[in-house]
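Fold and contact review
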Amino acid sequence: MNSGLSGETTSGGLNRLDWVLNQPVDIFVLELGANDGLRGIPIAETMNNLQEMIDMVKDKNPDTKIVLAGMQIPPNMGTDYASQFKAMYPALAESNNIHLIPFLLEGVAGDPSLNLEDGIHPTAEGQRIVTNNVWKILKTIVLPASVAEVTKDAAVEELN
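Residues numbered from 1 in each chain as written. Predicted model: local features only at pLDDT ≥ 70, side-chain atom pairs only at ≥ 80, totals over all residues. Heavy atoms only, no water.

One pass over the full model with this rule turns up 2 aromatic pairs. Both rings, one in Tyr 81 and one in Phe 85, keep their centres 6.5 Å apart while their planes meet at 25 degrees; by these two values the pair is stacked. One end of the pair is Tyr 81 and the other is Phe 85, both in helix H4 (residues 79–96) and 4 residues apart, which spans about a single turn. Comparing Tyr 81 with Phe 85, the two get one shared label, buried. Ring geometry for Phe 85 and Tyr 89: centres 5.6 Å apart, planes at 70 degrees, overall edge-to-face. Residue Phe 85 and its partner Tyr 89 are located together in helix H4, separated by 4 residues, close to a single helical turn. Residue Phe 85 shares its accessibility class with Tyr 89, and that shared class is buried. The rings of Tyr 81, Phe 85 and Tyr 89 are connected pair by pair, giving a single aromatic cluster. (Phe/Tyr/Trp six-rings, centres within 6.5 Å; stacked < 30°, edge-to-face > 60°. Helix = DSSP H or I, 4+ residues; strand = E, 2+ residues; numbered from the N terminus. Buried < 20%, exposed > 50% of the residue type's maximum accessible area, 1.4 Å probe, protein only.)

Quick look at the structure:
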């Protein structure tokens, strides 16, 4: 179930999370923070909101597998801010022992041919790449190792 809203910040996601957790959740993909970064919200605030969401998911159902989607932002808020923002996701994943998609928009961000006119949101072709970025991590959770390996081999063959 996609519970995302366009333009959503971590504080907005945190405010709506109870509603999302009203139904059973086996795998929870947390992809928030980019809009915080684009608005210059303090890193500590964004990180605290993400941590609170992770805690809420774990408290509601300790068996839920959590996947955190890493994001990056352009350096218009300063290179220190951008590098701290980027480092926030791996730090949260490691400290919570959860899965990490290193950068959701890997292979898409910054490529005008793969983004809409706003330069931020992927086109249909860009979405296929994003889907692949998510699947690389998600398949390690949902597929037995032997099936994941066959799927990987088939994907590599398809690319060739």
